[in-house]
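An overview of the molecular structure
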Amino acid sequence: MAYRPLQGVRVLDLTNVLAGPFACHQLAHLGAEVIKVEARGTGDLARQLGADPELNRRGMGASFLAQNAGKRSITIDLKHPQGKAVFRRLVQGAQVVVENFRPGVMQRLGLGFDALLADNPGLIYCAISGFGQDGPLRDLPAYDQIVQGMSGAMSITGSAESAPLRVGYPVADTIGGMTAAYAIAAALADRGRTRGCMIDISMLESILATMGWAVSNYLVAGRQAQPMGNENMTASPSGTFQTGDGLLNIAANRQSQFEALCRVVGRPDLVEDPRFAEREARLRHRFELKAEIERALQAKSAEQWWPLLTAASVPAGPVYTVPQALQHPQIAGRGMVATFKDAPGVDRDISVLRTGIKLDGEPPAVDAPPPVLGQHTEAILAEIGFTAQEIQTLKAEQAV
């Protein structure tokens, strides 16, 4: 049986689209019971997003499916007095609340951290936003591309000719969600905690925290990072190289690796060339060295060169598309992808990613596919003590 370290923890997931749902996706796979609290009628906006228009129409968009497996869905109108009362009763039995509204929204609803402590004095409350709960930008909406641009990440992505470029997936949203997940896990692990905990996650700060080398070179050495395309700023030859067929990543960062690379590609003379003999010289002449190596690499394809270089202890690997990466035995054989049969609302099998974690050799997994909007409303209300008549009244009043 898979190890589930967060078993027994109830998380109320009020989040939408990506950063928050991704955070709660991690917690669900680690064993937490995640109840997704969604707006009546519409639910998470991600239900309408993705590459399959029919699934978007059904409210089961691929973007929603990607990070909501294993959660249960309840619909509540948090503006309705009775809806607020339902939510506050849910809070009494929860350990964690996660939301990614703009700062101040939950307070205006009367459901902010301080208000909810009256219902649950030990509550862990995590608020995810673009820029944090204070500061001059606190009220701005959290859009991944905006955050990428303001963090400096775009300024160093791409080449001198193409930068600034956004990273090819919503990296700020995803890193913000991951940061929230480990902050929540840390709070849960604090056995000495005797009061509630307010976690303030800024997507801007989260992505900056991952830019350590680029930021530290500026803070410590006064050197501003520059866009270098697929080149490695710290070493040469290290980057992406054109072969006779396909691109190949090579990371010959050490002297021994550089010398082995030269031998394998049939250019041992490069080791003695004064332009390339030493590390700093290679950095100054990186593009001349790249041209020499690429000429030698024309003799074979990337798929042929890769094992030859690896066998010689030169770090190398092909440049894959997403389908190629998913089909590789390294991914296919380690349980990274979960498949749910005949998923409700989708009416066919769906496959989604797990977390990338292994615990005791097993990938954490959830038992259920992503939920249809409001699928578990009545069951959850019954669990927290509402009678069948009370549930029908709440529904009639459109509180749930």
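In case you missed it, the structure is sitting above this.
About the cut-offs
Residues numbered from 1 in each chain as written. Predicted model: local features only at pLDDT ≥ 70, side-chain atom pairs only at ≥ 80, totals over all residues. Heavy atoms only, no water. Helix = DSSP H or I, 4+ residues; strand = E, 2+ residues; numbered from the N terminus. Buried < 20%, exposed > 50% of the residue type's maximum accessible area, 1.4 Å probe, protein only. Contact = heavy atoms within 4.5 Å. Areas by Shrake-Rupley, 256 points an atom, 1.4 Å probe, with all protein chains shown as cover. Lys, Arg positive; Asp, Glu negative; His and termini not counted. Charge placed at Lys NZ, Arg CZ, Asp CG, Glu CD. Core = buried A, V, L, I, M, F, W, Y, C linked by side-chain atoms within 4.5 Å. Pairing = 2+ DSSP bridges. Axes fitted to C-alpha atoms, helices over the stretch in contact; angles between N-to-C directions.

1. Remarks on the overall build of the protein chain
Within the protein chain one finds 18 helices and 11 strands. Dimensions of the protein chain, computed from the C-alpha atoms along their principal axes, are close to 85 × 45 × 40 Å. Taken across its 400 residues, the protein chain has 44% of its residues classed as buried. In the protein chain, the share of contacts with a sequence separation of at least 24, taken over all contacts with a separation of at least 6, comes to 66%. Total accessible area on the protein chain stands at roughly 19,800 Å², and carbon and sulfur atoms take up 54% of it. With 38 positive and 40 negative side-chain charges, the protein chain shows a spacing of 1 Å between the two charge centroids.

2. Quick notes on the nonpolar core
Generally speaking, nonpolar side chains in soluble globular proteins are found buried as a group. By size, the foremost hydrophobic cluster in this structure holds 46 residues, and its most contacted members are Val11, Leu65, Val98, Cys126, Ile128 and Ile199. Tallying contributions element by element places helix H8 (residues 171-189) first for this core, with eight residues.

3. Focus on the sheet that holds strand S9 (residues 316-318)
Taken together, the three strands give an open sheet; going across it, the order is S7-S8-S9, and neighbouring strands pair in antiparallel fashion. On the outer flanks of this sheet lie strand S7 (238-242) and S9, each paired with one strand and no other. Averaged over all pairs of adjacent strands, the angle between strand axes in this sheet comes to 25 degrees, irrespective of strand direction. In this sheet, strand S8 (residues 247-251) lies alongside S7 in antiparallel orientation, the contact comprising five bridges. Residue pairing in the sheet places Ser238 in a bridge with Ala251 of S8. Helix-sheet contacts for helix H13 (residues 286-297) involve S7 and S8, and the interaxial angle to S7 is about 40 degrees.

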